[in-house]
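# Results of the structural survey
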Amino acid sequence: MSRFFKPFQDSLTAVFIVSLFILSACTASFNWREIQSEEHGYLALFPAKTSSEQKTIVYKNQSFPMIMQASQAGDALFAVGTIVLDPSFKDSHQFLEWLQKSAAQVIRTASEPVLEKTQTRIALQKDEKVPVTSLQLEGLGPDQKQRIYWVRWIYRVDESGKPRIFQLSAIQTVPSALSAQQRKVITEEFLTFMNGFHPY
């Protein structure tokens with residue numbers, strides 16, 4: 001698994017991607033399963049067995065633990081990162097913008113990345129929704145390999161008043177000449193992961 005992230009080790013902009021964690025060297029096939037994380041506050045779909053690790057994000061000399069949960073299937077890596085913020089932290093939206101700007105620099109694209117804004121429902125709720133911001137990037141990584149990288153963010157204050165930032169990442173190395181069928185398959189897999197996530 002680490003082969004996906006080794007090229008990013010010298011990139012400060014990929015601080016939240018670098019060395020997520022080491023998973024099994026074998027490649028799992030897609031076998032979607034629902035993961036309920038009461039502790040971290042979400043319901044998610046993963047395509048294979050997950051592993052987890054805690055990373056540290058440093059923003060303005062302040063450290064924020066990020067709990068990562070991820071799995072590999074085929075040639076793609078899927079991850080959910082959760083950052084729990086102190087309710088007294090007043091810089092949450094600026095912090096979120098910084099995460100977004102950092103992610104936009106991971107892949108060198110032909111045009112300026114554009115944040116898209118949508119919504120997703122709260123887990124186990126039919127009507128309540130929260131805002132979602134996302135990027136869909138395709139281009140060269142620092143190792144000059146072509147990659148597709150999708151990332152979404154959700155800021156959610158749960159019923160107990162605890163603010164969380166959720167970051168969903170899906171990344172895959174692809175051939176330079178990607179066929180329409182290959183693109184369709186990747187898009188379907190990435191959408192299944194992204195749309196299967198719902199915060200509590």
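All of the points below concern the structure found in this document. (Residues numbered from 1 in each chain as written. Predicted model: local features only at pLDDT ≥ 70, side-chain atom pairs only at ≥ 80, totals over all residues. Heavy atoms only, no water.)

### Brief notes about the packing of aromatic side chains
- Enumeration according to the criterion identifies 16 aromatic pairs in this entry.
- Between Tyr42 and Phe166 the ring centres are 6.0 Å apart and the planes differ by 85 degrees, which places this aromatic pair in the edge-to-face class. Here Phe166 lies in strand S9 (residues 163-173) and Tyr42 lies in strand S2 (residues 42-46), a separation of 124 residues in the sequence.
- Residue classification places Phe166 among the buried positions, given a relative accessible area of 1%. (Phe/Tyr/Trp six-rings, centres within 6.5 Å; stacked < 30°, edge-to-face > 60°. Helix = DSSP H or I, 4+ residues; strand = E, 2+ residues; numbered from the N terminus. Buried < 20%, exposed > 50% of the residue type's maximum accessible area, 1.4 Å probe, protein only.)

### Concerning the nonpolar core
- Among the nonpolar cores identified, the biggest contains 24 residues, and Phe64, Ile83, Phe95, Tyr149, Trp153 and Ile165 are the most heavily contacted of them.
- Listing elements by their share of this core, those giving two or more residues are strand S3 (51-59), strand S4 (62-73), strand S5 (76-84), helix H1 (92-104), strand S7 (129-140), strand S8 (146-157) and S9.
- What Phe64 contacts, discounting residues up to four positions off in sequence, is Lys55, Thr56, Ile57, Tyr59, Ile83, Leu85, Phe89 and Phe95.
- Counting residues in each nonpolar core, the second largest holds 23 residues, with Val130, Ile148, Phe166 and Met194 among its members. (Core = buried A, V, L, I, M, F, W, Y, C linked by side-chain atoms within 4.5 Å. Contact = heavy atoms within 4.5 Å.)

### Focus on the side chain of Arg164
- Position of Arg164 among the secondary structure elements: in strand S9.
- Only 3.2 Å separates the side chain of Arg164 from the backbone oxygen of His40, close enough to count as a polar contact.
- Not counting the four nearest positions on each side in its chain, Arg164 is found in contact with Glu39, His40, Gly41, Thr82, Ile83, Val84, Ile154, Tyr155, Arg156 and Asp158. (Polar contact = N/O pair within 3.5 Å; in protein donor to acceptor, adjacent residues only side chain to side chain.)

### Some details on the pattern of salt bridges
- Summed over all chains, the structure comprises five salt bridges.
- Residues Asp91 and Lys60 are paired through a salt bridge, measuring 3.3 Å at the closest nitrogen-oxygen approach. Here the residue Asp91 occupies a position in the loop between S5 and H1, and Lys60 occupies one in the loop between S3 and S4, the gap between them amounting to 31 residues.
- Take Lys60: its relative accessible area is 61%, and that puts it in the exposed class.
- When the shortest N-O distance is used, the salt bridge between Asp158 and Arg164 registers 2.7 Å. You'll find Asp158 and Arg164 in the same group, each marked buried. (Salt bridge = Lys/Arg side-chain N within 4 Å of Asp/Glu carboxyl O.)

### Description of the pairing of S9
- For S9, the buried fraction is high: ten of the eleven residues fall into the buried class.
- With nine bridges joining them, S5 and S9 adopt antiparallel strand pairing. Considered in S9, the bridge of Ala76 is made with Gln172.
- Note: S8 against S9, eleven bridges, orientation antiparallel. Bridge assignment links Arg147 to a residue of S9, and that residue is Thr173.
- The antiparallel hairpin formed by S8 and S9 contains five residues in its connecting segment, where Gly161 sits at a positive phi of about 90 degrees. (Pairing = 2+ DSSP bridges.)

### Structural notes on the side chain of His40
- Along the chain, His40 turns up in the loop between strand S1 (33-37) and S2.
- Leaving out residues up to four positions away in the same chain, His40 has contacts with Ile67, Thr82, Arg164 and Phe166.

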